[in-house]
Every structure is written in C-alpha cells, then in structure tokens.
Amino acid sequence: MNRITADQDGGLTRRSALLKFGGLAAALAAGGLKVGNDEAGAATGGPAGVASGAVTCVLTPELTEGPYYLPNEKVRRNLTEGRPGTPLTLRTTVVDASTCKPIKNAAVDIWHCDALGVYSGVQGNTGTFLRGIQKTDAKGLALFQTVYPGWYTGRAVHIHVKVHIGGNVLHTGQLFFPDTLTDTVYRKAPYNSRGARNTRNAGDSIYRNGGSRGLLSLRKNVTAYVGAITMGVHRS
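Residues numbered from 1 in each chain as written. Predicted model: local features only at pLDDT ≥ 70, side-chain atom pairs only at ≥ 80, totals over all residues. Heavy atoms only, no water.

1. Things to note about the nonpolar core
Here's step 1: Among the nonpolar cores identified, the biggest contains 34 residues, and Val94, Val108, Ile110 and Tyr148 are the most heavily contacted of them.
Here's step 2: Elements with a minimum of two residues in this core: strand 2 (87-96), strand 3 (107-111), strand 5 (141-147), strand 6 (158-165), strand 7 (168-176), helix 4 (179-185) and strand 9 (224-233).
Here's step 3: Dropping the residues within four chain positions of it, valine 94 is found in contact with Pro102, Ile103, Ala106, Val108, Thr136, Gly140, Val163, Met231 and Val233.
Here's step 4: In terms of nonpolar packing, the next biggest core, distinct from the first, is built from seven residues, Tyr68, Tyr69, Tyr119 and Val122 among them. (Core = buried A, V, L, I, M, F, W, Y, C linked by side-chain atoms within 4.5 Å. Buried < 20%, exposed > 50% of the residue type's maximum accessible area, 1.4 Å probe, protein only. Helix = DSSP H or I, 4+ residues; strand = E, 2+ residues; numbered from the N terminus. Contact = heavy atoms within 4.5 Å.)

2. Section: the pairing of strand 5
Here's step 1: Counting buried positions along strand 5 yields six of seven residues, so the element is predominantly enclosed.
Here's step 2: Taken together, the seven bridges between strand 2 and strand 5 define a ladder with antiparallel strand orientation. Residue pairing for strand 5: threonine 92 is matched across the bridge by alanine 142. (Pairing = 2+ DSSP bridges.)

3. Quick notes on the sheet that holds strand 4 (residues 131-135)
Here's step 1: Across the sheet, which stays open at both edges, the four strands sit in the order 4-3-6-7 with antiparallel pairing between neighbours. Each edge of the open sheet carries a strand with a single partner, namely strand 4 and strand 7. When strand polarity is set aside, the average angle formed by the axes of neighbouring strands in this sheet is 20 degrees. (Axes fitted to C-alpha atoms, helices over the stretch in contact; angles between N-to-C directions.)

4. Section: the confidence of the model for the chain
Here's step 1: In this model, the chain carries an average pLDDT of 81, and 74% of its residues clear a pLDDT of 70 or more.
Here's step 2: Note that pLDDT drops below 50 for residues 2-47; the model gives that stretch 128 contacts with residues more than four away or on any other chain. (pLDDT = per-residue confidence, 0-100.)

5. Remarks on the pairing of strand 6
Here's step 1: Of all eight residues in strand 6, eight are buried; the element is thus mostly enclosed.
Here's step 2: Residues of strand 6 alternate between two faces, with His158, His160, Lys162 and His164 on one and Ile159, Val161, Val163 and Ile165 on the opposite face, all of them buried.
Here's step 3: Taken together, the five bridges between strand 3 and strand 6 define a ladder with antiparallel strand orientation. What sits directly across from aspartate 109, in strand 6, is lysine 162.
Here's step 4: One ladder, built from eight bridges, connects strand 6 with strand 7; its direction is antiparallel. What sits directly across from valine 163, in strand 7, is histidine 171.
Here's step 5: With antiparallel pairing between neighbouring strands as the criterion, strand 6 and strand 7 make up a hairpin whose turn holds two residues, including glycine 166 at a positive phi of roughly 60 degrees.

6. Here we look at the side chain of threonine 93
Here's step 1: Its location among the elements puts threonine 93 in strand 2.
Here's step 2: With relative accessibility at 17%, the residue threonine 93 sits in the buried group.

7. Focus: the packing of aromatic side chains
Here's step 1: Tallying each qualifying case throughout the model produces eight aromatic pairs.
Here's step 2: Between tyrosine 148 and phenylalanine 177, the aromatic rings sit 4.6 Å apart at their centres with planes inclined by 50 degrees, giving tilted as the arrangement. Here tyrosine 148, found in the loop between strand 5 and strand 6, pairs with phenylalanine 177, found in the loop between strand 7 and helix 4; they are 29 residues apart in sequence, far enough to count as distant. This pair shows no difference in class: tyrosine 148 is buried, exactly as phenylalanine 177 is.
Here's step 3: Joined through ring pairs, the aromatic side chains of Tyr148, Phe177, Tyr186, Tyr191 and Tyr225 make up one cluster.
Here's step 4: Positioned above the aromatic ring of phenylalanine 129 is the side chain of arginine 83, whose terminal nitrogen or guanidinium carbon lies 3.8 Å from the ring centre.
Here's step 5: We note lysine 162 situated over the ring of tyrosine 69; from NZ or CZ to the ring centre the distance is 4.9 Å. (Phe/Tyr/Trp six-rings, centres within 6.5 Å; stacked < 30°, edge-to-face > 60°. Lys NZ or Arg CZ within 6 Å of the ring centre and 35° of its normal.)

8. Observations regarding the pattern of salt bridges
Here's step 1: Considering all chains together, one arrives at nine salt bridges under this definition.
Here's step 2: Note that arginine 131 and glutamate 73 form a salt bridge whose closest N and O atoms lie 3.9 Å from each other. Note that arginine 131 is positioned in strand 4 and glutamate 73 in the loop between helix 3 (46-52) and strand 2, a separation of 58 residues in sequence. As far as the burial class goes, arginine 131 and glutamate 73 line up, both buried.
Here's step 3: For the salt bridge of arginine 197 with aspartate 179, the shortest nitrogen-to-oxygen distance reads 3.1 Å. With a gap of 18 residues between them, arginine 197 in the loop between helix 4 and helix 5 (205-208) and aspartate 179 in helix 4 connect regions that are remote in the sequence. You'll find arginine 197 and aspartate 179 in the same group, each marked buried.
Here's step 4: A single salt-bridge network, built from bridges that share partners, covers Asp179, Asp183, Arg197 and Arg200. (Salt bridge = Lys/Arg side-chain N within 4 Å of Asp/Glu carboxyl O.)

In structure tokens form, the structure reads like this:
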C-alpha cells in the first residue's frame, strides 16, 4: 500500500461567512451544549442568538475535506475491517445551532488514515477501512468503532467529518487529538514501528486556523479510548 505524504488540506471559510450562510457550531465539552433557557433560545435563536451569546454554541470555521474523501460510503458502526490499532469509540453528537437541541437522522460521515498513515480507496490502496456513515439517534448521537489514527507527513493526527441532513452537506470539518495522549498511544504497536511523527498540533496549519475547536474530549475505557464532540449545524 502507498503511504500518504500529505493531504493538502488548505483553506478555511471565514467565521463571518458561517454566521451569514450557516455552517458549523461545535461545543467541545463532552457534556454537550447548553442554552440559558428554552424561552431565551426560542426568542433569540439562529445566528443572531449565537452571536449575542443567548445561545451558548461556539461557532467554528469550516475546514476543507481534503483530497481523500469518497462519496457513498457504507452505513456502519464498525469501520476497522481488521486494521490494527488502539481501539477508539467516537461519539459525535449533532444539534441545531439555533436551539442546541439534538437532531435525529443526521448522517455523520467520517474517514481517516490507519495506524501506518494509509487511507483506503485512494492512491492505489484498496478496501474501505476506516470510512463510514452513521445516522444520529433521538439524542443526536452517532457512534463509531474505529482505531486511533496514525500520522503522515505534514499533518497532525486527525479525523475528517461531514454532516449531511436531507441530502445536503451542512458541515465539513476535522477532529483533532491531544498531543500528549497521542504520544502515549504511539509508544505501542503498531504505531511504534514507525519513526517519530513530524507534525504536532501547533505545527499543523489547519489546527492553528480553527481546527483547535475540533479537539476531541477523550477518556480511557479499559483498553480503548472514547472520544466525544458535539457539533451544531444551521439547518438552513
């Protein structure tokens, strides 16, 4: 298999464009998003409510999908297809950015490289590993079973994500990992079969230009890690 050298993820939309046209709001606390009260959320919802602080969602810049997105991925929870790596449960919650209420049946689409920095289905690589879609439940939760991503030249460790509702893509972004945790994970096989990664979060241009708001909240659960993030989208 060919190892990816860079995914050329460049370019961010402006925060002002998100406020005007809609986009992503993400709360990085695992506890989710909160509104001061339902009446305030209803009275001052939408981008104006977010901007005023009445709705306590945090708008983040959209991030490029990169060159390795493939449409029409499988709807499935387990993405591993036998790829080795430290198990990772990813909990993504989608909410309405105007009210911070959960959205049911949003399609969350994720993809990332394996422990050795390889993406499936591109640059001559076969398979569909570490790609998939899950629909959100009544609580807005989409759950994935995958592995802790590897690294490749020029990029910090990350997972790509899209949120689709009604056939429309309402968010494209990237999720990042704390460097100290990555250091711990990479001390073990199969990650330690490679040399030290050459790009940490602070050296990644995507992370520096808005990607830091996609930093996952992570905790250890026996032999696996659980990563969580809440993403709010403007539905129109």
